[in-house]
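# Chains, contacts and geometry: an overview
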Amino acid sequence: MKTNSFDSTTGLAKNAEIPDDIKDDIIKFEKNGFIGPIKLYEPEEAGEILRALRLANHDRSHILYDNNMNYDRHFDIPELSKHIMHPTIAKYLKAILGPDLLCWRSEWFAKFPGATGTEWHQVRDYSYTDGNPLIVPTETSWNAFIDLTVWTAFTPAKIETACMRFLPGSHYKYYYDEKKNVQTGRLGNYNHMETDTGFFGYDFSEFKVDPSWDPEGANPVDMELNAGECVIFTASCAHASHPNITDRETRFAISGRYVPTHVRVYPNLDSYNAHGETFNLENYATVLVSGEDRYEHNKIRTTNNRGVKF
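Everything in this summary refers to the structure shown in the same document. (Residues numbered from 1 in each chain as written. Predicted model: local features only at pLDDT ≥ 70, side-chain atom pairs only at ≥ 80, totals over all residues. Heavy atoms only, no water.)

### Examining the overall build of the protein chain
As a reminder, the rule being used: Numbering of helices and strands starts at the N terminus; helices are DSSP runs of H or I of at least 4 residues and strands are runs of E of at least 2. When accessible area is computed with a 1.4 Å probe and restricted to protein chains, residues below 20% of their type maximum are described as buried, those above 50% as exposed, and intermediate ones as partly exposed. Note on contacts: a residue pair is in contact if any heavy atoms of the two residues lie within 4.5 Å. Shrake-Rupley sampling with a 1.4 Å probe provides the accessible areas, and residues are treated as covered by the protein chains on show and by no other component.
For the protein chain, the helix and strand inventory stands at four helices and 13 strands. Out of the 310 residues in the protein chain, the part that is buried amounts to 55%. Contacts in the protein chain between residues far apart in sequence, at least 24 positions, make up 82% of those at least 6 positions apart. Element-wise, carbon and sulfur atoms account for 46% of the exposed surface of the protein chain, whose accessible area totals about 13700 Å².

### Section: the packing of aromatic side chains
Put simply, the rule reads: Stacked, tilted and edge-to-face are the three classes assigned to paired rings of Phe, Tyr and Trp, where Trp is represented by its six-membered ring and a pair needs centres within 6.5 Å; plane angles under 30 degrees give stacked, over 60 edge-to-face, the rest tilted.
The final tally for this structure, using the stated rule, is 16 aromatic pairs. When the ring of Tyr41 is compared with that of Phe154, the centres are 5.9 Å apart and the planes differ by 35°; the resulting orientation is tilted. Pair noted here: Tyr41 is in the loop between strand 1 (34–39) and helix 2 (43–57) and Phe154 is in the loop between strand 4 (148–153) and strand 5 (164–166), with a separation of 113 residues, a long-range link. You'll find Tyr41 and Phe154 in the same group, each marked buried. Between Tyr71 and Phe279 the ring centres are 4.8 Å apart and the planes differ by 20°, which places this aromatic pair in the stacked class. Taken together, the residues Tyr71 in the loop between helix 2 and helix 3 (78–83) and Phe279 in strand 12 (residues 277–280) connect sequence positions 208 residues apart.

### Some points on helix 1 (residues 23–32)
Inclusion rule: As used here, the arc belongs to the directions running from the helix axis to the C-beta atoms.
Among all positions in helix 1, only Asp25, Ile26, Phe29 and Asn32 are buried. Buried residues of helix 1, viewed axially, fall in a sector of 140°; they line one side. What points out from helix 1, more than 90 degrees from its buried face, is the exposed set Asp24, Ile27 and Lys31. Tucked inside the fold, the buried residues of helix 1 contact strand 1, helix 4 (87–97), strand 4 and strand 7 (229–234). Count one or two residues on from helix 1 and you reach Gly33, which has phi positive near 95°.

### So, the sheet that holds strand 4
Threshold: A pair of strands is considered paired only if DSSP assigns at least 2 bridges between the two. Helix axes are fitted only over the stretch in contact, all axes being lines through C-alpha atoms; the angle between N-to-C directions runs from 0 to 180 degrees.
Here we have six strands laid out as an open sheet, ordered 1-7-4-9-2-13, and antiparallel in their pairing. On the outer flanks of this sheet lie strand 1 and strand 13 (287–290), each paired with one strand and no other. The average angle at which neighbouring strand axes cross in this sheet is 30°, direction not considered. Of the strand pairs in this sheet, strand 1 and strand 7 are connected by four bridges, and their pairing is antiparallel. In the sheet register, Phe34 faces strand 7, and the bridge partner there is Phe233. The sheet strands contacting helix 1 are strand 1, strand 4 and strand 7, and the helix crosses strand 1 at an angle near 140°.

As C-alpha cells, this is what we get:
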C-alpha cells in the first residue's frame, strides 16, 4: 500500500507540493502555527452566503444530528457543502498535509453583541469532551499538524467584534492537558444555549499544565479579518477570542476541520458527548476534499443529505 511520508521533526508531509506563491506563508505557518488573513470571497459574496446560511438554518429537515449544536451542517446546507471544498482552502492544506485530505467536521461560531470572549485553549485529540479521543493518527506520531482548522469570517472579525487570537509558536509545546479529569461542561444537564461562558461551559484554565502560566504574557496576536477572509491554524496552537463589545454587530464565522487520510476519525465510536449534547454517528461520514483515500479507515460521503455532490 502506498502511503504518505511525514517529516519526523515538523510533521509536515514530505510529499506536499508547495506552490511558489504561498511558500512564504507555509514557512510562517510552520513557525507560528497559524496563517492569515487569506481571502476566499469578496465581502459581497460572503454576505450572500451568510444570508443563505441564516435562511437554511431554520430548515432542520435534513440535519445530521438531532441536537442544538450546529455541527456538520455541510451535510444539509449546500452553501456549506461547497465552502468546505473551496479550492484556496485545498491549495493551502495540500501544501501542509499532502494531497490526500478529509474534512471531518464543520461548525459555526456566532458572537452576539455583548458576548464574552472565548478563553485560551489548546486541543490535540478533543478528548476533553467526554474522555474519548476523536481523531487518532496511524501513519505518524502525534505532531502539531495532524488537525487543521480553517476559520472563515462571514462578517468582519475585528477586535471589538471578537476576532480570534493566537500565541505564535505555542503549537510546539502543550500548555494545556485536555486529559485532566475536569467535569465542568461535560455534565448532561449542561445547556450551552443558556450559558454565557467563554468555551461552551468549560473552564479551560483548569486544564493548564502550569496553573501560574499567563497566556496574556506570551505575545498574543490578534487576527482581524474582513468578511470573506479566513485564518488557517493547527488546533495545537493556543487560541482564543476577544469579547464582542459592540451593541449591534454579530460576528459570524464557519470553521472546517481537516486531517490527512491516515487519521482515524471517531475511532470505534457510535456516538460521543460534547457540550451537553449527544452526537449519534450512525449517518456520519468524512468528506474527501482532495486526492484519494489509500487507508480506508473512515466512511466517506460523496453527497450531502440532499443528494448534492461535494
